[in-house]
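In case you want the letters, here they are:
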Amino acid sequence: MRWLKPAAFAVALLPLAWLLWRAGFGSLGVNPVETINRYLGDWALRFLLIALAVTPVRQWTGWPALARLRRMTGLFAFFYVCLHLASYVGIDLFFDWAALWADVVKRNYITLGMIAVLLLVPLALTSTNGMIRRLGGARWRRLHLLVFPASILGVAHFWMMVKADIREPLVYAVVLSVLLGWRLWGFARRAQRA
Ligand code: HEM
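For every chain, the first residue of the written sequence is number 1, and numbering continues from 1 onward in sequence order. Local features in this predicted model are restricted to residues of pLDDT 70 or higher, and side-chain atom pairs are both shown and tallied only at a pLDDT of 80 or more, whereas totals for entire chains, interfaces and linings draw on every residue. To obtain the side-chain values, all non-hydrogen atoms of the structure were included, while hydrogens and water were left out.

As annotated in an unreviewed UniProt entry, the protein chain carries the name Protein-methionine-sulfoxide reductase heme-binding subunit MsrQ and comes from Magnetospirillum gryphiswaldense. UniProt positions are given in the numbering used here, feature names are shortened, and annotations may be inferred rather than shown by experiment. As recorded by UniProt, the Subunit (unreviewed entry) comment attached to the protein chain reads in full: "Heterodimer of a catalytic subunit (MsrP) and a heme-binding subunit (MsrQ)." Here the protein chain is described in UniProt, under the heading Sequence similarities (unreviewed entry), as follows: "Belongs to the MsrQ family."

In C-alpha cells:
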C-alpha cells in the first residue's frame, strides 16, 4: 500500500491546483479576492472534517492503512486554513494589521475564526514523531482533542458569516455532529468498560 500516501498527498493538492488554474485563466468571477478567500475557507473546513473522519472510516471499513493518512489530512487542513487566512490578510486587507485587529475585535465570525486558528497551531507544531515522543501518547492525544473545538468554531464562523441561506453551513454542522457523536459514543463505551 505504498502508493496510498503519495496518492492522497497529490489529491489533497488538487483544490489548490484548481484555484491556481482558474486564477491563471482569469476565471475567478467578478470578485476574485472574495472567490479565492471563500474557496480556501471551504477547503480548510472540508479538510478539518476529512481529518476527523479518518479514524471512524478506518474502523467502519476495517482498512487499517487509512491510519497513515490521519496526520497528513490534519496538516492539509492547517495548510488550507493558513492559505485562507493569508489570502484575507494579504490580498483583501493588504497587510493592514490594524484593520485585521479591528475585524477580530468587532466581527464575531472573524473572532471565532481566529480562535480556531490559534487552537490549531499547537496541533500542527506537535505533529512530528519527535513531539509525540516528547509529550507522551496520553498527553499528545489529550492536546489533539483541540481539533474538536477548532472544528466547531470553524463551522460557527461560517454559520455566522452567511446572511440568509444557512444550507451550506448546516451540512457541515450535521457532518461534524455525526463525527463528534461517534467520538463521544466511543468515550462513553470505554468509560463503561473501565
Ligand atoms: C479554522 C479556521 C477557519 C476556517 C475553517 C474557516 C472557514 C471558512 C469558511 C468555510 C468560509 C465560508 C466560505 C464560503 O462562503 O463558501 C469562510 C469565510 C471567511 N473567512 Fe474563514 N475560516 C477560518 C478562519 C478565518 C480567519 C482566522 C479569518 C480572518 C482573520 C477568516 C476570514 C474569513 C472571511 C473574511 C470570510 C469571507 C467573508 C465574506 O466573504 O463575506 N477565516 N471561512
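So that's the structure; there's more coming.
Asker: What am I meant to see in the overall build of the protein chain here?
Answerer: Assigned secondary structure in the protein chain consists of nine helices and zero strands. Its helices and strands in sequence order give the protein chain the pattern α-α-α-α-α-α-α-α-α, from N to C terminus. The reference for a compact globule is 2.2 Å times residues^0.38; the radius of gyration itself is calculated from the C-alpha atoms. Over its C-alpha atoms the protein chain spans a radius of gyration of 18 Å, differing by no more than 12% from the 16 Å that the globule rule assigns to 194 residues. A buried classification covers 39% of the 194 residues belonging to the protein chain. Within the protein chain, contacts between residues at least 6 apart in sequence are counted, and of these 66% link residues at least 24 apart. Using a 1.4 Å probe, accessible areas were evaluated by the Shrake-Rupley method; residue-level cover was limited to the displayed protein chains. With the model as given, the accessible surface of the protein chain reaches about 11,900 Å², and the carbon-plus-sulfur share is 69%. Only DSSP runs of H or I covering at least 4 residues are called helices, and only runs of E covering at least 2 are called strands; the numbering of each starts at the N terminus. Classification of residues uses two cut-offs on accessible area relative to the type maximum, computed with a 1.4 Å probe and protein chains only: under 20% is buried, over 50% is exposed, and between them is partly exposed. Contacts are residue-level and defined by heavy atoms, with any inter-residue pair within 4.5 Å sufficient.

Asker: In this structure, what is going on with the environment of L170? I would like to understand it.
Answerer: Within the fold, L170 resides in helix α9 (residues 167–193). A sequence separation of 15 residues divides L170 from V155, and the C-alpha atoms of the two residues are 8.5 Å apart.

Asker: Teacher, can you tell me more about unusual backbone geometry here?
Answerer: Excluding glycine, a negative phi dihedral is what most residues carry, and trans is how most peptide bonds are arranged. At F94, a residue that is not glycine, the phi angle is positive and equals roughly 50°. With respect to the helices and strands, the residue F94 is situated in the loop between α3 (70–92) and α4 (97–106).

Asker: Which parts of the structure should I look at to understand helix α2 (residues 32–61)?
Answerer: The periodicity of an α-helix, 3.6 residues per turn, causes residues three or four places apart in sequence to face the same way. Helix span, as expected, comes to 1.5 Å for every residue beyond the first. Between its first and last C-alpha, α2 extends 40 Å over 30 residues, near the 44 Å set by a 1.5 Å rise per residue. Where α2 bends most, the angle comes to about 35°, and this point is V54, followed within four residues by the proline P56. One or two residues past the end of α2 sits G62, with phi positive at roughly 65°. At every residue, the bend is computed as the angle between two fitted axes, covering the seven residues ending there and the seven beginning there respectively.

Asker: Please explain the UniProt feature "transmembrane region" (unreviewed entry) in the protein chain as it appears in this structure.
Answerer: The UniProt feature table records "transmembrane region" (unreviewed entry) at residues 39–57, 69–89, 109–131, 143–164 and 170–188. Taken end to end, residues 39–57 has its terminal C-alpha atoms 25 Å apart, with 100% of it in helix and 0% in strand. In this annotation, residues 69–89 is assigned 95% helix and 0% strand; the end-to-end C-alpha distance for the span is 30 Å.

Asker: What is the right way to read the UniProt feature "domain: Ferric oxidoreductase" (unreviewed entry) in the protein chain from this model?
Answerer: In the numbering used here, UniProt assigns the "domain: Ferric oxidoreductase" (unreviewed entry) feature to residues 41–155. Helix makes up 83% of residues 41–155 and strand 0%, whereas the separation of the span's terminal C-alpha atoms amounts to 10 Å.

Asker: Would you mind showing me how to read the site of the ligand here?
Answerer: Throughout, near means a residue has at least one heavy atom within 4 Å of the molecule or strand. In the vicinity of the ligand lie 21 residues, with N37, R38, D42, H84 and H157 positioned nearest. Here D42 contributes a side-chain N or O atom positioned 2.8 Å from an oxygen atom of the ligand. Among the elements of the structure, α2, α3, α5 (108–125) and α8 (147–161) are those that each provide at least two residues to the shell around the ligand. Element by element, the count of residues in the shell around the ligand is highest for α5, at seven residues. Of the residues that constitute the shell around the ligand, the class distribution is 13 nonpolar, five polar and three charged. By the criterion applied in these results, polar contacts are pairs of N or O atoms within 3.5 Å in which, for protein atoms, one can donate a hydrogen and the other can accept it, and in which residues neighboring in sequence qualify only through two side-chain atoms. In this classification, Asp, Glu, Lys and Arg are treated as charged, Ala, Val, Leu, Ile, Met, Phe, Trp, Tyr, Cys and Pro as nonpolar, and every other residue, Gly included, as polar.

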